[in-house]
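Coordinate inspection notes
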Amino acid sequence: MLRALLPYARGAGVDVRWAVLTESDGFFDLTKRIHNHLHGDAGDGKELDEAAREVYERASARSSQALRDLVAPGDVIYLHDPQPAGLVPAMKEAGLAVVWRCHIGVDHPNDVARAAWRFLLPYVEPADAYVFSRRAYLWDGLDEAKAWVMPPVIDPFSPKNEDLDDERVAAILAEVEEEATILETEPVPADAKVVTQVSRWDRLKDPEGLLEILAEHLEDPDLHLCLVGPETEGVHDDPEGAQVYERVASRWRELDDEHRRRTHLISLPMDDLARNAAMVNALQRRSDVIVQKSLAEGFGLTVAEAMWKSKPVVASRVGGIQDQVKSGKTGVLVDDPRDLAAFGSAIAALADDPERAAALGAAGRDHVRESYLAIDRLREYVELLESLLRDRG
Ligand code: UDP
């Protein structure tokens, strides 16, 4: 998302930079735990206790030190998500206006999620503004007057979303066959109907559930399922990815021949992000139906990306997906994310009805054009900036 937004800001003369945290002593294990907890999920089963706080504060102090060399009093800093939330106090002290942007949220916060809020609250609270993806995500204990609601956006001109003609799609898919790590018995046949989910290898995206849906509820011999994700060693801040991928791969090996033939686990190279994005773009465009079977989802950029490509989406009725997909109009929502049969029948019905699929896809594209393009969000960011600068005279 930042890759899309920053060039616009720089083009408008704003001197904006983007910095990324580096790993230190178990920091990403801890922040993955925080990420899971914020979704109400126990994650690795460990607590956010004093030892966790020590790891978090040590890493935050190190990063603040590095950041201080890059910033000056009067600058504005946007800190995205829980990982850099620990930098808020130091950046305030350094005289910056601080915006904390939270993409993560949960529909019905449980004790696990609330404990994660309490863990982060002392860091987040002093920020000048908080930006959440949905109003419902605002935490207890945060000042509503400082809260802004802005869903994430996509950029229609980026390699991920730019228009590609059929020839270009075919050429990129040939590169995928050659360069990606693919678990399959044979490539997707040219005339197959394709159902695709694009996601990090994460339990909350439920890739294993999708294998069960194919095995139990999708009998059409021409229907193929593609699970597309990044090569796990390419995602440094997601230490659970490799383990989740291994579980999906071992379940894939247990499928009977017919279901294995129709299932493809595709891990895309991450060394060149523009090429990775082009591969995602082509795979989404090759698909007849895009599925997002998340058990929890802050927003679900993959949903907006698919809709922008006029693809019908079948997705769980969770989190920010509910804002994007109006069931029956811009896609189909499944009320219970664990209802495999409902997913199966929604996918099969769309794969068998290209006319309805096209109508939902076209309405989806309109909805993204109206609500989730980068240029509109920039206007809101300008308002936010103006309000911070006004407050500082
Ligand atoms: N993505 C990607 N390459 C991949 C797999 C995923 O660029 O190999 C992108 C995907 O297109 C989307 C983002 O990663 O833009 C995932 O965002 P989303 O909101 O769907 O889920 P998150 O990963 O933030 O939980």
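Data block above holds the structure.
So, a few notes on the structure that sits alongside this text. (Residues numbered from 1 in each chain as written. Predicted model: local features only at pLDDT ≥ 70, side-chain atom pairs only at ≥ 80, totals over all residues. Heavy atoms only, no water.)

1. Here we look at the overall build of the protein chain
Note the cut-off: Here a strand is any run of E in DSSP of at least two residues, a helix any run of H or I of at least four, and the numbering for each starts at the N terminus. For the radius of gyration, the atoms used are the C-alpha atoms, and the globule rule reads 2.2 Å times the number of residues raised to 0.38. Any residue under 20% of the maximum accessible area for its type is buried, any over 50% is exposed, and the rest in between are partly exposed; the area is computed with a 1.4 Å probe on protein chains only. Note on definitions: a residue-residue contact is assigned when non-hydrogen atoms from the two residues lie within 4.5 Å. All accessible-area figures derive from a Shrake-Rupley calculation using a 1.4 Å probe, and residue coverage is judged against the displayed protein chains alone. Counted charges follow a simple rule, with Lys and Arg positive, Asp and Glu negative, and His plus the chain ends left uncounted. Positions of charges follow a simple convention, taking NZ of Lys, CZ of Arg, CG of Asp or CD of Glu.
The secondary structure content of the protein chain amounts to 15 helices and eleven strands. Taking 393 residues into account, the globule formula puts the C-alpha radius of gyration at 21 Å, and the protein chain, at 21 Å, falls close to it. Structurally, the protein chain occupies a C-alpha span of about 65 × 45 × 35 Å along its principal axes. For the protein chain, the residues scored as buried account for 53% of the 393 residues in total. Restricting to contacts in the protein chain with at least 6 residues of sequence separation, those with at least 24 account for 70%. Counting only carbon and sulfur atoms, one obtains 50% of the accessible surface of the protein chain, whose full area is about 17,500 Å². Within the protein chain, the 72 negative side-chain charges are centred at a point lying 4 Å from the centre of the 46 positive side-chain charges.

2. Points about unusual backbone geometry
Even without being a glycine, D25 presents a positive backbone phi close to 25°. Turning to its location among the elements, D25 is positioned in the loop between helix 1 (2-11) and helix 2 (27-38). At D206, a residue that is not glycine, the phi angle is positive and equals roughly 50°. Structurally, the position occupied by D206 is in the loop between strand 6 (193-198) and helix 7 (207-217).

3. Details of the pairing of strand 2 (residues 97-102)
Stated precisely, the cut-off is as follows: Two strands make a pair as long as DSSP finds a minimum of two bridges between them. For the handedness criterion, the strands are oriented away from the viewer, and a crossover whose path from the first strand over the helix to the second runs clockwise is classed as right-handed.
For strand 2, a buried count of six out of six residues is recorded, marking the element as mostly surrounded by other parts of the structure. With burial as the criterion, each face of strand 2 is covered, one bearing A97, V99 and R101 and the other bearing V98, W100 and C102. Two strands pair when backbone bridges link them, and strand 1 (residues 76-80) and strand 2 are joined in this way by five bridges, in the parallel orientation. Looking at the pairing, V76 lines up with A97 of strand 2. In this fold, strand 1 hands off to helix 4 (residues 88-93), which returns the chain to strand 2; that crossover is right-handed. Where the polypeptide runs from strand 2 across helix 5 (residues 111-124) and back to strand 3 (residues 129-132), its parallel neighbour, the crossover connection is right-handed.

4. Observations concerning the nonpolar core
The following threshold applies: Throughout this description, the term nonpolar core refers to a set of buried Ala, Val, Leu, Ile, Met, Phe, Trp, Tyr and Cys residues connected via side-chain atoms within 4.5 Å.
Y56, W100, L120, F132 and W139 are the most contacted members of the largest nonpolar core, which has 37 residues in total. Looking at this core, the elements that each hand over two or more residues are helix 2, helix 3 (50-68), strand 1, helix 4, strand 2, helix 5 and strand 3. Filtering out sequence-adjacent residues up to four positions away, W100 remains in contact with L79, D81, P82, A85, V124, A127, A129, Y130, V131, F132 and W139. Within the second largest apolar cluster, 31 residues are counted, among which are L210, L218, L223 and L255.

5. Focus: the site of the ligand
To keep things clear, this is the line we draw: Whether a residue is near a molecule or strand depends on its heavy atoms: if one lies within 4 Å, it is near. Polar contact is the term for a pair of N or O atoms within 3.5 Å; when the atoms are in protein, one must be able to donate a hydrogen and the other to accept it, and sequence-neighboring residues count only if both atoms are side-chain atoms.
In the vicinity of the ligand there are 14 residues, among which R200, K205, N276, L301 and E305 approach most closely. Side-chain polar atom of E305 to an oxygen atom of the ligand: 2.5 Å apart, as the coordinates give it. Here the ligand has 540 Å² of accessible area as a free molecule, and 79% of this is covered by the chains. If you list the elements that add at least two residues to the shell around the ligand, you get strand 7 (223-230), helix 10 (273-286) and helix 11 (301-308). Among the elements that take part in the shell around the ligand, helix 11 stands out by supplying three residues, more than any other.

6. As for the environment of A113
Mapping A113 onto the fold places it in helix 5. Along the sequence, A113 and H35 sit 78 residues apart, while their C-alpha atoms lie 9.3 Å from each other. Aside from chain neighbours lying at most four places away, what touches A113 is H37, L38, G40 and V106.

7. Topic: the sheet that holds strand 3
The condition is simple: For helices, the axis comes from a line fit to the C-alpha atoms of the stretch in contact; other axes are also lines fit to C-alpha atoms, and the angle between any two N-to-C directions lies between 0 and 180 degrees.
Strand order in the open sheet made by the four strands is 1-2-3-4, with parallel pairing throughout. Each edge of the sheet is formed by a strand with only one pairing partner; in this case those strands are strand 1 and strand 4 (147-149). When strand polarity is set aside, the average angle formed by the axes of neighbouring strands in this sheet is 25°.

8. A look at the pattern of salt bridges
Note the cut-off: The salt bridge criterion pairs a side-chain nitrogen of Lys or Arg with a carboxyl oxygen of Asp or Glu, the two atoms within 4 Å.
Summed over the entire model, instances satisfying the criterion amount to 35 salt bridges. In this structure, the salt-bridge partner of R134 is D323, at a minimum N-O distance of 2.8 Å. Placement of R134 in the loop between strand 3 and strand 4 and of D323 in helix 12 (residues 321-324) is noted, with a sequence separation of 189 residues between them. Classification of D323 as partly exposed rests on a relative accessible area of 24%.

9. Re helix 14 (residues 354-371)
Basically, it comes down to this: Here the expected span of a helix is defined as 1.5 Å times the quantity of residues minus one. This arc corresponds to the set of directions leading from the helix axis out to the C-beta atoms.
For helix 14, with 18 residues, the first-to-last C-alpha span of 25 Å sits near the 26 Å given by 1.5 Å per residue. Those residues of helix 14 not exposed but buried are A357, L360, G361, G364, H367 and V368. Angularly, the buried residues of helix 14 cover 125° about the axis, an arc narrow enough to put them on a single face. Along helix 14, the residues that are exposed and aim more than 90 degrees away from the buried face are E355 and E370.

10. Notes on the sheet that holds strand 9 (residues 289-292)
Pairing is mixed in the open sheet, where seven strands are placed in the order 5-8-7-6-9-10-11. Pairing within the sheet leaves two strands with one partner each, and these edge strands are strand 5 (181-183) and strand 11 (332-334). Pairwise comparison of adjacent strand axes, ignoring direction, gives a mean angle of 20° for this sheet. Two elements, strand 6 and strand 9, share two bridges in a ladder whose sense is parallel. Within the sheet, the bridge partner assigned to T196 lies in strand 9 and is I290. Across the sheet, helix 8 (residues 241-254) is in contact with strand 5, strand 7 and strand 8 (263-268); its angle to strand 8 comes to roughly 155°. Lying on the sheet, helix 10 is in contact with strand 6, strand 7, strand 8 and strand 9; it crosses strand 8 at an angle near 155°.

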